[in-house]
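Working through the structure, step by step
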Amino acid sequence: MKIESITLHHLRMNLVSPFETSFGSIAKRDCILVEVHSEGLIGYGECVADRDPGYSYETSTTSWHILRDYLGPTILGVDIKNLSEYQHIAARIRGHPMAKAGMEMALWDLTGKVKGCSLRDLLGGVQDKVEVGVSVGIQEHPNILLDAIERYLREGYQRVKIKIKPMKDIEYVTAARKEFPELRLYVDANSAYNLESVSSLFSLDKLGLVLIEQPLADDDLWDHKWLQTKLDTPICLDESILSLRHTRQALEMDACRIINIKIGRVGGLSQAVAIHDLCYSQGLPVWCGGMLETGVGRAANLALASLPGFSLPGDISATDRYYDQDITLDRFTLNPQSTIDVPTAPGLGITLDHQVLQRFTIIKETIK
Ligand code: OSB
Ligand code: MG
């Protein structure tokens with residue numbers, strides 16, 4: 001696959017409702033669509049870095065810089081024979097996993113289209129549909145949270161993740177547990193706690209949660225290891241796991257009992273699969289995290305989540321949970337049993353809606 005040109009689109013898309021986490025609230029979501037052209041085919045990838053550095057140090061602006069000034073020029077004109085060649089190119093740039101993942105996804109899509117093979121089959125996926133849940137943002141009042149959960153349950157979701165932070169935790173999650181005694185509940189703190197505020201989590205430990213996601217700092221496996229000895233509820237790491245090495249060390253330390261795998265956070269699908277493989281071989285459950293993706297990133301998440309070790313429902317909701325208008329013609333819908341179908345067409349298996357894409361593009365640049 002000789003890479004002839006690369007087009008970057010900085011998108012800003014309206015969410016159906018604002019999404020609030022411990023690091024802030026967003027009403028519009030930014031991302032970069034990466035378009036790679038080769039021999040009459042186009043591969044698409046989504047870089048999930050947000051406008052602000054709340055979840056990660058990467059932003060849409062830093063990713064744009066890395067994609068346009070480093071990754072793009074290095075692969076332009078190169079005949080990429082396989083994805084491991086790209087791994088070597090990306091490894092020369094320190095950090096910036098989301099930028100690397102966006103470009104890699106476009107190359108995976110292209111590879112699938114060249115071979116006439118779906119991403120699921122390229123990765124070794126084994127499911128036609130995957131179990132999914134919904135992530136509910138921080139709300140103004142526990143009753144509003146209960147209403148939101150009830151609405152999602154009516155839509156068919158059978159697993160709910162509640163975003164928490166200090167003061168927006170015990171009362172909210174206790175109310176949810178009381179109202180929905182059997183519901184599979186996750187909570188996600190996005191690093192909002194420290195050793196002073198951690199006692200709230202001991203109250204949550206009594207509520208029969210499936211997991212507590214990323215309670216402490218992103219760069220702190222050690223304190224998570226300590227906290228896991230104090231909790232019966234499994235800790236699930238998200239922000240702390242940026243690589244296969246972090247995964248191995250977290251496993252060796254018993255810093256968590258579950259891992260959330262996100263393609264962007266770990267630098268791409270190849271790394272995501274490697275992390276899956278290690279966890280699967282050690283019997284550690286994983287699930288696919290979300291970054292409010294468009295249909296492009298959602299298709300990749302579905303393919304990844306079809307691997308055999310993804311034994312817990314992921315943060316992969318239906319298109320209408322995020323966007324009224326999405327950049328793909330394909331809209332993902334929820335099946336009975338809280339599942340979504342994995343795309344089967346070559347590559348990501350999606351088709352772009354160029355009108356919608358144009359409407360949400362705030363900057364566009366082609367390098368050739
Ligand atoms: O921590 O999982 C997270 C969204 C943006 C940034 C971080 C996170 C999230 C979510 C939403 O929880 C998951 C989704 O439905 O895409
Ligand atoms: Mg998370």
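Since the structure is predicted, the reported quantities are computational estimates derived from the model, not experimental observations. (Residues numbered from 1 in each chain as written. Chains lettered and ligands numbered in written order. Predicted model: local features only at pLDDT ≥ 70, side-chain atom pairs only at ≥ 80, totals over all residues. Heavy atoms only, no water.)

**Notes on the overall build of the protein**
- Across its full length, the protein holds 12 helices and 13 strands.
- Over its C-alpha trace the protein gives a radius of gyration of 20 Å, about what one expects of a compact globule, namely 21 Å for 368 residues.
- With respect to the principal axes defined by its C-alpha atoms, the protein has extents near 60 × 40 × 35 Å.
- Within the span of the protein, comprising 368 residues, buried residues form 60% of the whole.
- Across the protein, every contact between residues at least 6 apart in sequence was considered, and the portion connecting residues at least 24 apart equals 73%. (Helix = DSSP H or I, 4+ residues; strand = E, 2+ residues; numbered from the N terminus. Rg over C-alpha atoms; globule rule 2.2 N^0.38 Å. Buried < 20%, exposed > 50% of the residue type's maximum accessible area, 1.4 Å probe, protein only. Contact = heavy atoms within 4.5 Å.)

**Concerning the coordination of the magnesium ion (ligand 2)**
- Bound to the magnesium ion (ligand 2) are the protein donor atoms Asp188 (OD), Glu213 (OE) and Asp238 (OD), situated 2.1 to 2.3 Å from the metal.
- Counting residues between consecutive donors of the magnesium ion (ligand 2) along the chain gives the motif D-x24-E-x24-D. Here Glu213 lies in strand S8 (residues 211–213) and Asp188 lies in strand S7 (residues 184–188), a separation of 25 residues in the sequence. You'll find Asp188 and Glu213 in the same group, each marked buried. (Donors = N, O, S within 2.8 Å, 3.2 Å for Na, K, Ca; no water.)

**A closer look at the sheet that holds S7**
- Spatial ordering of the open sheet is given by S5-S6-S7-S8-S9-S10-S11, a layout of seven strands whose pairing is parallel. This sheet does not close on itself; its edge strands, each paired only once, are strand S5 (134–136) and strand S11 (286–288). Strand after strand, the sheet turns through a mean of 30° between neighbouring axes, direction not considered.
- Relative to strand S10 (residues 258–261), strand S9 (residues 235–237) runs parallel, the two being bridged by two bridges. Its bridge partner lying in S10, Leu237 is registered against Ile259. (Pairing = 2+ DSSP bridges. Axes fitted to C-alpha atoms, helices over the stretch in contact; angles between N-to-C directions.)

**Description of the domain arrangement of the protein**
- Once the domains are mapped, the protein shows domain 1 (5–116 + 353–367) and domain 2 (121–341).
- Measuring from the centre of the C-alpha atoms in domain 1 to the corresponding centre in domain 2 gives 23 Å.
- Between domain 1 and domain 2, the contact holds 35 residues from the first and 41 residues from the second.
- Surface buried jointly by domain 1 and domain 2 totals about 3200 Å² across both partners, of which 67% is contributed by carbon and sulfur atoms.
- Counting across the interface, domain 1 meets domain 2 through one salt bridge.
- With a shortest N-O distance of 4.0 Å, Glu20 and Lys165 are connected by a salt bridge.
- Applying the counting rule to domain 1 against domain 2 returns 16 residue pairs in polar contact (both at pLDDT 80 or more).
- Among the elements that line the side of domain 1 that touches domain 2, the one with the most residues is helix H3 (residues 97–115), at 10 residues.
- For the side of domain 1 that touches domain 2, the residue count by class is 20 nonpolar, seven polar and eight charged. (Domains from an automatic or database assignment. Buried area = accessible area lost by both parts, 1.4 Å probe. Salt bridge = Lys/Arg side-chain N within 4 Å of Asp/Glu carboxyl O. Polar contact = N/O pair within 3.5 Å; in protein donor to acceptor, adjacent residues only side chain to side chain. Nonpolar A, V, L, I, M, F, W, Y, C, P; charged D, E, K, R; others polar.)

**Section: the pairing of strand S2 (residues 24–38)**
- In this structure, strand S1 (residues 5–21) lies alongside S2, joined through 13 bridges in antiparallel fashion. In the strand pairing of S2, His9 is matched with Leu33.
- Between S1 and the antiparallel strand that follows it, S2, lie two residues.
- Pairing geometry for S2 and strand S3 (residues 41–47), over seven bridges, is antiparallel. Pairing of Val36 across the sheet is with Gly43, part of S3.
- Joining the antiparallel neighbours S2 and S3 is a turn of two residues, in which Glu39 adopts a positive phi near 45°.

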